[in-house]
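What follows is each chain in one-letter form.
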Amino acid sequence: MEDYISKVIKFADLSQNKPLNEIVFEGLRDAIIKGIIPVGERINETVYSERMNISRTPIREALRRIQEEGLVEYIPHYGVVVKKITIADAEEIFQIRKALDVLATTNAMKLMSESEFDEMKMLLEKTDAANDRNEVAEVVRLFSEFNAMIYRFSRMPRLDIIVQRLREYLVRFRDISLSGPERRKKAIDEHWIIYQNMRKGNPEQVAIITNEHLDYSKTYIIAEMIKIEKKRDEEEKRKQNGI
């Protein structure tokens, strides 16, 4: 626990000008989503309250809210533990995202000005350049900026809030899924095709390529989830065998 609990505390920065309950909730939630707290790990209220020098009440309230989101579960006679994201979870998340992304992209396409299309093109050119320099972290950041740009230009802020929650669930797999050069190049090409069809005002093609783009991402991420699960199982077996 000592290996990661200090990182968790950094996520719950108590110096923020926010209510304590909200700080603790956001900090614990982010730490779980980003994989700082391992899957299957018990979250001990007493330990966290002592380390954070706060009462157990905000931690208990945060865990209740996080449990409602399905990120943790209560096991009788044991406590609250971090749930793993299953393949079924990923399937559901991508099914919802496909519907929302098509809605946002087609709406943005109808509302965007020429200068906004130019802004999107410049962003894609920056992404190409970063990928040519093999700056993986920058490419990932620009991918996120491209997605955020579409939602911003859709003028549907409530939709943006909904989809942001969905993206967060898979953030721990996103960097892994874009680590391969072939996957990054294909994703960039797909972004260019989405942009080109948006600029042409072609909603049918926008919907098709958006769905294909997310289907490919889902396939890649699920493959990575299987690899991670297999590695975790192998490590567990080695521990059990004393290797």
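See the structure above.
Note that this is a predicted model, so its numbers are computed, not measured.

Asker: Looking at this model, I keep getting lost on the overall build of the protein. Mind explaining?
Answerer: Assigned secondary structure in the protein consists of 11 helices and 2 strands. The N-to-C order of helical and strand elements in the protein reads α-α-α-α-β-β-α-α-α-α-α-α-α. When each of the 243 residues of the protein is scored for burial, the buried share is 41%. Intrachain contacts of the protein at a sequence separation of at least 6 include 73% that bridge at least 24 residues. For the protein, the distance from the average position of its 41 positive side-chain charges to the average position of its 42 negative side-chain charges is 1 Å.

Asker: What exactly am I supposed to notice about the packing of aromatic side chains here?
Answerer: Given two aromatic rings, one states the distance between the centres and the angle between the planes to describe the pair. Counted under the stated rule, the structure contains 1 aromatic pair. On the basis of an interplanar angle of 80 degrees and a centroid distance of 5.8 Å, the ring pair of tryptophan 192 and tyrosine 195 is categorised as edge-to-face. Placement of both tryptophan 192 and tyrosine 195 in helix H10 (residues 181-200) is noted, with a separation of 3 residues, approximately one turn of the helix. The same class applies to tryptophan 192 as to tyrosine 195, namely buried. The cationic tip of arginine 42 hangs over the ring face of tyrosine 78; the distance from NZ or CZ to the ring centre is 5.7 Å. Positioned over the ring face of phenylalanine 25 is arginine 65, at 3.7 Å from the centre of the ring.

Asker: I keep staring at the environment of serine 15 and nothing clicks. Help me out?
Answerer: Structurally, serine 15 is set in the loop between helix H1 (2-11) and helix H2 (20-33). Only 2.7 Å separates the side chain of serine 15 from the side chain of aspartate 13, close enough to count as a polar contact.

Asker: Sorry if this is basic, but what is going on with the packing of helix H5 (residues 87-111) against H10 here?
Answerer: Relative placement of two packed helices is described by the angle separating their axes and the distance separating the axes. Two elements in contact, H5 and H10, have axes whose closest approach is 8 Å; the angle formed by their N-to-C orientations is 45 degrees. Our classification of the angle between H5 and H10 gives oblique. The element H5 and its partner H10 pack so that their crossing is right-handed. Of H10, the residues touching H5 (which contributes Thr105, Ala108 and Met109) are Ile194, Asn197 and Met198. Each residue belonging to the contact of H5 with H10 can be placed in one class, and the counts come to 4 nonpolar, 2 polar and no charged.

Asker: Before we go on, may I ask you to explain the pattern of salt bridges in this structure?
Answerer: When charged atoms on two side chains of opposite charge get close, those side chains can pair. Considering all chains together, one arrives at 20 salt bridges under this definition. Across the salt bridge formed by arginine 97 and aspartate 101, the nearest N and O atoms sit 2.8 Å from each other. Taken together, the residues span about one helical turn, with arginine 97 and aspartate 101 both in helix H5 at a distance of 4 residues. With a closest N to O distance of 3.0 Å, glutamate 145 and arginine 141 form a salt bridge. In this pair, glutamate 145 and arginine 141 are both assigned in helix H7 (residues 136-153), 4 residues apart and thus about one turn of the helix distant. Connected through shared salt-bridge partners, Glu45, Arg56 and Arg60 make up one network.

Asker: Looking at this structure, how should I read the pairing of strand E2 (residues 79-82)?
Answerer: A regular strand places its side chains on the two faces of the sheet in alternate fashion. As paired elements, strand E1 (residues 72-75) and E2 share 4 bridges and run antiparallel to each other. The residue of E2 that forms the bridge with valine 72 is valine 82. Here E1 folds back onto E2 in antiparallel fashion, the turn holding 3 residues, of which histidine 77 has a positive phi close to 65 degrees.

Thresholds, definitions, all that
- Residues numbered from 1 in each chain as written.
- Predicted model: local features only at pLDDT ≥ 70, side-chain atom pairs only at ≥ 80, totals over all residues.
- Heavy atoms only, no water.
- Helix = DSSP H or I, 4+ residues; strand = E, 2+ residues; numbered from the N terminus.
- Buried < 20%, exposed > 50% of the residue type's maximum accessible area, 1.4 Å probe, protein only.
- Contact = heavy atoms within 4.5 Å.
- Lys, Arg positive; Asp, Glu negative; His and termini not counted.
- Charge placed at Lys NZ, Arg CZ, Asp CG, Glu CD.
- Phe/Tyr/Trp six-rings, centres within 6.5 Å; stacked < 30°, edge-to-face > 60°.
- Lys NZ or Arg CZ within 6 Å of the ring centre and 35° of its normal.
- Polar contact = N/O pair within 3.5 Å; in protein donor to acceptor, adjacent residues only side chain to side chain.
- Axes fitted to C-alpha atoms, helices over the stretch in contact; angles between N-to-C directions.
- Parallel < 35°, antiparallel > 145°, perpendicular 65-115°, else oblique.
- Left-handed = near helix turned anticlockwise from the far one by under 90°.
- Nonpolar A, V, L, I, M, F, W, Y, C, P; charged D, E, K, R; others polar.
- Salt bridge = Lys/Arg side-chain N within 4 Å of Asp/Glu carboxyl O.
- Pairing = 2+ DSSP bridges.

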